[in-house]
Amino acid sequence: MKSSFCCNCSGSLGFGCLVQPRLGSTAFPPTKRKEQTDPDLFSTNSSQALATARARPEAGSLSRIRRLSSSLPATFRTCLSGRRKHTYGDGNHSCSSLYMASGQLSRAEALACSGCRHACHVMLYCDTNTLLFGSIPIRHIVLPLLLPQMQMRFDGLLGFPGGFVNLSEESLEAGLGRELLEELGVAFQILEEDHVDSCFAPASSPASSTSPRLITHFYTKKMEEGQIRAVETAAVTTATDHGQEVLGMVRVPLHSTKGGGGLASFLSHSFVGNARFQLLHTLLRLHLVAPEELREALARSLKIQARASEELRAALARVEGKTNLPHHSPAHTG
Ligand SMILES: O=c1[nH]cnc2c1ncn2[C@@H]1O[C@H](COP(=O)(O)OP(=O)(O)O)[C@@H](O)[C@H]1O
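Residues numbered from 1 in each chain as written. Predicted model: local features only at pLDDT ≥ 70, side-chain atom pairs only at ≥ 80, totals over all residues. Heavy atoms only, no water.

Chemist: Explanation requested: unusual backbone geometry in the structure shown.
Modeler: In most cases, non-glycine residues show a negative phi, while peptide bonds are predominantly trans. A positive phi angle, near 60°, is found at H287, a position not held by glycine. Among the structural elements, H287 can be located in the loop between α9 (275-285) and α10 (291-323). (Helix = DSSP H or I, 4+ residues; strand = E, 2+ residues; numbered from the N terminus.)

Chemist: Help me out: how do you make sense of the site of the ligand in this one?
Modeler: Not every one of the 17 residues close to the ligand is listed here, only the nearest: R153, F160, F164, N274 and Q278. R153 places a polar side-chain atom, nitrogen or oxygen, 3.0 Å from an oxygen atom of the ligand. At 3.2 Å, a backbone N or O of G162 approaches an oxygen atom of the ligand. Those elements giving two or more residues to the shell around the ligand turn out to be β4 (117-125), β9 (162-165), α6 (172-184), β12 (214-222) and α9. A per-element tally of the shell around the ligand places β9 first, with three residues. Tallied by class, the residues present in the shell around the ligand amount to six nonpolar, seven polar and four charged. (Near = heavy atom within 4 Å. Polar contact = N/O pair within 3.5 Å; in protein donor to acceptor, adjacent residues only side chain to side chain. Nonpolar A, V, L, I, M, F, W, Y, C, P; charged D, E, K, R; others polar.)

Chemist: In this structure, what is going on with the environment of C120? I would like to understand it.
Modeler: Examined against the element boundaries, C120 turns out to sit in strand β4. With relative accessibility at 0%, the residue C120 sits in the buried group. Excluding residues within four positions of it along the chain, C120 makes contact with P161, G162, G163, V165, L172, L176, H217 and Y219. (Buried < 20%, exposed > 50% of the residue type's maximum accessible area, 1.4 Å probe, protein only. Contact = heavy atoms within 4.5 Å.)

Chemist: Looking at this model, I keep getting lost on the state of the cysteines. Mind explaining?
Modeler: Disulfide: a covalent bond connecting the sulfur atoms of a pair of cysteines. Applying the stated rule across the entire model yields one disulfide. For C113, the disulfide goes to C116, at an S-S distance of 2.0 Å. On the S-S bond that ties C113 to C116, the torsion sits near 45°, and the link is right-handed. A relative accessible area of 15% means that C116 is categorised as buried. (Disulfide = S-S within 2.5 Å.)

Chemist: Can you walk me through α6 in this structure?
Modeler: One turn of an α-helix holds 3.6 residues; hence residues three or four places apart share an orientation. With 13 residues, α6 should cover 18 Å at 1.5 Å per step; its first-to-last C-alpha distance of 18 Å lies within 8% of that length. Taken as a whole, α6 has its buried residues at L172, E173, G175, L176, G177, E179, L180, E183 and L184. Within two residues after α6, G185 carries a phi angle of roughly 70°, on the positive side. (Expected span 1.5 Å × (residues − 1).)

Chemist: What is the right way to read the sheet that holds β4 from this model?
Modeler: Whenever strands of a sheet pair, they do so through backbone hydrogen bonds, lying parallel or antiparallel. Reading across from one edge, β9-β4-β12-β11 is the order of the four strands in this open sheet, with mixed pairing throughout. Only two strands of the sheet have a single neighbouring strand rather than two, namely β9 and β11 (195-200). Here the average twist between neighbouring strands, direction ignored, is 20°. Of the pairings in the sheet, the one linking β4 to β12 comprises nine bridges and is parallel in character. Considered in β12, the bridge of H118 is made with I215. Across the sheet, α6 touches β4, β9 and β12, and the angle it forms with β9 is around 135°. (Pairing = 2+ DSSP bridges. Axes fitted to C-alpha atoms, helices over the stretch in contact; angles between N-to-C directions.)

Chemist: What am I meant to see in the pattern of salt bridges here?
Modeler: Oppositely charged side chains can form a pair if their charged atoms are brought close together. Applying the stated criterion across every chain, the model contains 11 salt bridges. Two residues, D127 and K222, come together in a salt bridge whose shortest N-O distance is 3.1 Å. Placement of D127 in strand β5 (residues 127-128) and of K222 in strand β12 is noted, with a sequence separation of 95 residues between them. Residues E170 and R178 are paired through a salt bridge, measuring 2.8 Å at the closest nitrogen-oxygen approach. Among the residues examined, E170 registers a relative accessible area of 16% and is labelled buried. Among the charged side chains, a network of salt bridges with common partners joins E170, R178, E179 and E182. (Salt bridge = Lys/Arg side-chain N within 4 Å of Asp/Glu carboxyl O.)

Chemist: Please clarify how the packing of aromatic side chains should be interpreted in this entry.
Modeler: Under the defined criterion, the tally for this structure stands at two aromatic pairs. Ring geometry for F266 against F271: centres 5.8 Å apart, planes inclined by 75°, an arrangement best described as edge-to-face. Taken individually, F266 and F271 each receive the classification buried, so the pair is uniform in this respect. (Phe/Tyr/Trp six-rings, centres within 6.5 Å; stacked < 30°, edge-to-face > 60°.)

Chemist: I keep staring at the sheet that holds strand β13 (residues 246-251) and nothing clicks. Help me out?
Modeler: Strand order across the open sheet formed by three strands is β8-β7-β13, with antiparallel pairing between neighbours. The sheet is open, and its two borders are formed by β8 (158-159) and β13, each paired with just one other strand. Bridging between strand β7 (residues 149-153) and β13 involves five bridges; their strand directions are antiparallel. In the sheet register, Q151 faces β13, and the bridge partner there is M249.

Here it is as structure tokens:
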């Protein structure tokens, strides 16, 4: 029997989701984006004030920036502090640490990088009025609930749909459309106006610092709820990559449950490349989650990860005990 492993509504991975395939591959035409790029990354008081303070570097604003940034998570602080390492292309630039800063690379700058590889990914999302479990009260539920989409990849990591684009044969958007057809079974027309940003991907290993730099381009596309549901259906029926490169689409839970589940659990999973930063940045940019809620979720994620590390250590010791395998040491780490 083939079991399906899924992301449940508490944001944790678990067994038990049923997939209900229905027929249908739908072509979605371009839709004019309602949510145009917002120059302010953050919507609520502290973040807005922070952005304003950065934009006007008059006397006194530096201490104000420091004060305001202390209310945001460390990774965001690094980016917002304006300490940008402009070392594009030489291996020192870390997209992850700088992701929250606006415009590391414009689309044009990215396209001008000869010898770079390019990959495009997209976050699909929609509004919905659906209530979780119908009526069960859940703290901090985001209403109307929004449903951003990610996917479980062949390598067990979470990421957005998309992939490598060959610029000698296709444009960024055409390449992304091709990847989406393979992974989701749906023909999308991605437009330049759907582009959010481009940046150098962090080098995954010392060896990869000698290979061509990878630039990741990120897009968002707002859809109707019915269209998103059709994508979810097509992704498990007509998509050629389903069960191979893509193991399933998952919705990102934006709510928080009493026990601290939901977004916090989801964020504690492993993401490919800078996908977690792309998600965080987009949740803030599109005002899908308030900065304070995101900070709370990230703080909880850290606790969840610490618990998971303990569980993994115990599981490792058990497996070694049961199988008489030699004890794992850091030297065995792959
Ligand atoms: O969601 C994502 N956000 C950012 N980077 C990603 C994401 N998914 C994959 N990547 C990076 O882009 C590269 C190519 O992406 P992917 O594995 O989707 O390509 P493919 O489907 O053409 O094989 C990966 O090696 C990975 O480093």
